[in-house]
Amino acid sequence: MAERALFDRFLSCHVCTETFRDPVSLSCNHSFCSSCLQEFWEKTGNKNCPICKRSSKEDPSINFSLKELADLFSEKLKGASTEMGKEKKEEKKVVCEKHSEVPYWFCEDEQRAVCPVCEFSLHQSHKVVPLEQAVSELKEELKSELKSLQDKRNKHKQVEKTYDDVIQHCKKQELSTERQIRAEFNKLHQFLREEEESRLAALREEEEQKRKTIMREMKRIKEQISSLSDSISAVEEELQKDNVSFLSSYEATQSRARGQRSLPDPQLVSGALIDVAKHLGNLSFRVWEKMKDKVHFSPVILDPNTANGWIHLSDDLTSVRRGNTEQQLPDNPERNTKYWNVFGSEGFSSGKHSWDVEVGDHPRWAFGLAKESVDRKGELHASPKYGIWCLLHRDGKYTYGVGETLRVQKSLQRIRVHLDYDMGKVSFYDSEDMTHIYTHRDTFTEKLFPYFNVSPAGDAKTSDLKICQTTFLFKMKFKVSKYSDQ
């Protein structure tokens, strides 16, 4: 203790009374913390020593020997403090100094350990139990809390892993989508390049035809100019002859001149210039119209983020099939995980909407519409009870989702789905002749999404269900037909 007091005396700053930090020494040999001395001088407005008041003319420098001693002293104090803390922590806690060996009680009213000898009278009306029993029960409660915390942590880790999967899948989606975007634009660029060359070729062809026409006309004009020049020269020579010679050849020269003079005056050919308006007029619109025949439009686009891992979609997201391998996909909230389902990317909350689905000879499928809130992870059946209005096909039989077989005259190859949201109807038709198959009637209160469920195709020729645009002819027939579902 005396040693520590000695060190405290010589290694403490007079200003802050703490162990030196970056100590500096003045010419009077008094030492202070560098920051303390600067702060003291700023407050007093002079550079006098805080102890002896002598003026310091030079800026003090750090006393490295003193700094080393102060740092060593600080480390020693820190180590001693840590050891004392450990010793206190390791001391056994005693409830009662007088009766340290007596089995303690636990007072449930006051929630603390008590000495049964000293505090017996104070806890006669309280509920007390042996300390070991209380500790055992509390540990069981804490173990339960620990289990809940561990479960909570596991859930967080599971979500964390899912997010890791989402990040990886997003990167794959980005690369794949970028590749497909470039491929689609390459097709459009190729079409535009070919269309550009075609129109430039038409322009060059017209210019060549116009040039040939003008050259023919110019050749004929030159021939006429040459003939007229010869006639002019003959007349000029005739005028220079003597009288007898002039009279003898006059009639022939006059006849020739009159023949040339009777020729019609030359006229510019109409349409000799390039028809610029034909080449440039509404150019982009006419190219766009032509492009419409080259591109495909689908009234329904499938959402890959909702597809079950066994469901495989085409690159343009308009065809769906049950694959032979399960894809490793993140379990995002939108995804269907229990059944082989996939939904459309756009939902409907009003109006009329229709699209065709080519099914060919595929043996097992279901499609129609599903409400947005259907359970995508748990139990889900293709019926209105579960929020799905659809048509099902199982091995040659057609049902509307609740088991009853529908009467169909022939095997359906292409089926029309028609939603009238406001009237609460989902109808199905044979697209070939618009024969009515079945209509669900309900009251819709939330957004509906196109719904598809596809089983393995087996030996069938058709493995994919393909979404098609309804043709104009079908649309007209659809408007004027008298539907049997009315």
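Just so it is clear, the model here is predicted, and its values are computed rather than measured.

(A) Representation of the overall build of the protein. From N to C terminus, the protein includes 8 helices and 17 strands. Burial status across the protein gives 29% buried among its 486 residues. Sequence separation of at least 24 residues holds for 59% of the intrachain contacts in the protein that already meet a minimum separation of 6. When the accessible area of the protein is evaluated, it comes to approximately 33300 Å², of which 53% is carbon and sulfur surface.

(B) Broad picture of the confidence of the model for the protein. Looking at the protein, pLDDT values average 85 and 88% of them are 70 or higher. With pLDDT under 50 throughout, residues 87–91 is counted as low confidence; its partners more than four residues away or in other chains account for 0 contacts. The low-confidence segment residues 472–486 (pLDDT under 50) makes 22 contacts with residues lying over four places distant or belonging to another chain.

(C) The arrangement of unusual backbone geometry in detail. Of note, the phi angle at Leu 317 is positive, near 60°, even though the residue is not glycine. Tracing the sequence through the fold places Leu 317 in the loop between β6 (311–313) and β7 (319–322). Its identity as a non-glycine residue notwithstanding, Met 434 has a phi of 60°, on the positive side.

(D) How the structure looks around the nonpolar core. Residues Trp 355, Phe 367, Ile 415 and Phe 452 are the most contacted members of the largest nonpolar core, which totals 32 residues. By size, the runner-up hydrophobic cluster in this structure holds 15 residues, among which are Leu 11, Val 24, Cys 36 and Cys 49.

(E) Broad picture of a nonpolar patch on the surface. There is a patch of nonpolar side chains on the surface, built from Ile 214, Met 215 and Met 218 and spanning about 260 Å² of accessible area. Among the structural elements, Met 215 can be located in helix α4 (residues 131–240). Met 215 gets classed as partly exposed once you look at its relative accessible area, which sits at 49%.

(F) Here's a closer look at the sheet that holds strand β4 (residues 112–114). Taken in spatial order, the 3 strands line up as β4-β3-β5 in an open sheet, and their pairing is antiparallel. Strand pairing shows two members of the sheet lacking a second neighbour, β4 and β5 (128–130), which therefore form its edges. Going across the sheet, the axis of each strand differs from the next one's by a mean of 40°, ignoring polarity. Inspection of the sheet shows strand β3 (residues 105–107) paired to β5 by 3 bridges, in the antiparallel sense. The residue bridging Phe 106 from the neighbouring strand is Val 129, located in β5. Lying on the sheet, α4 is in contact with β3, β4 and β5; it crosses β5 at an angle near 90°.

(G) Looking closely at the pattern of salt bridges. Counting across every chain of the model gives 24 salt bridges. Two residues, Arg 182 and Glu 178, come together in a salt bridge whose shortest N-O distance is 3.2 Å. Placement of the pair is Arg 182 and Glu 178 together in helix α4, with a separation of 4 residues, close to one helical turn. Here Glu 195 ties to Arg 199 by a salt bridge, and the two come within 2.8 Å at their closest N and O atoms. Pair noted here: Glu 195 and Arg 199 are both in helix α4, with a separation of 4 residues, about one helical turn.

Conventions and cut-offs
Residues numbered from 1 in each chain as written. Predicted model: local features only at pLDDT ≥ 70, side-chain atom pairs only at ≥ 80, totals over all residues. Heavy atoms only, no water. Helix = DSSP H or I, 4+ residues; strand = E, 2+ residues; numbered from the N terminus. Buried < 20%, exposed > 50% of the residue type's maximum accessible area, 1.4 Å probe, protein only. Contact = heavy atoms within 4.5 Å. Areas by Shrake-Rupley, 256 points an atom, 1.4 Å probe, with all protein chains shown as cover. pLDDT = per-residue confidence, 0-100. Core = buried A, V, L, I, M, F, W, Y, C linked by side-chain atoms within 4.5 Å. Patch = residues over 30% accessible without salt bridge, like charges linked within 9 Å, V, L, I, M, F, W, Y side chains within 5 Å. Salt bridge = Lys/Arg side-chain N within 4 Å of Asp/Glu carboxyl O. Pairing = 2+ DSSP bridges. Axes fitted to C-alpha atoms, helices over the stretch in contact; angles between N-to-C directions.

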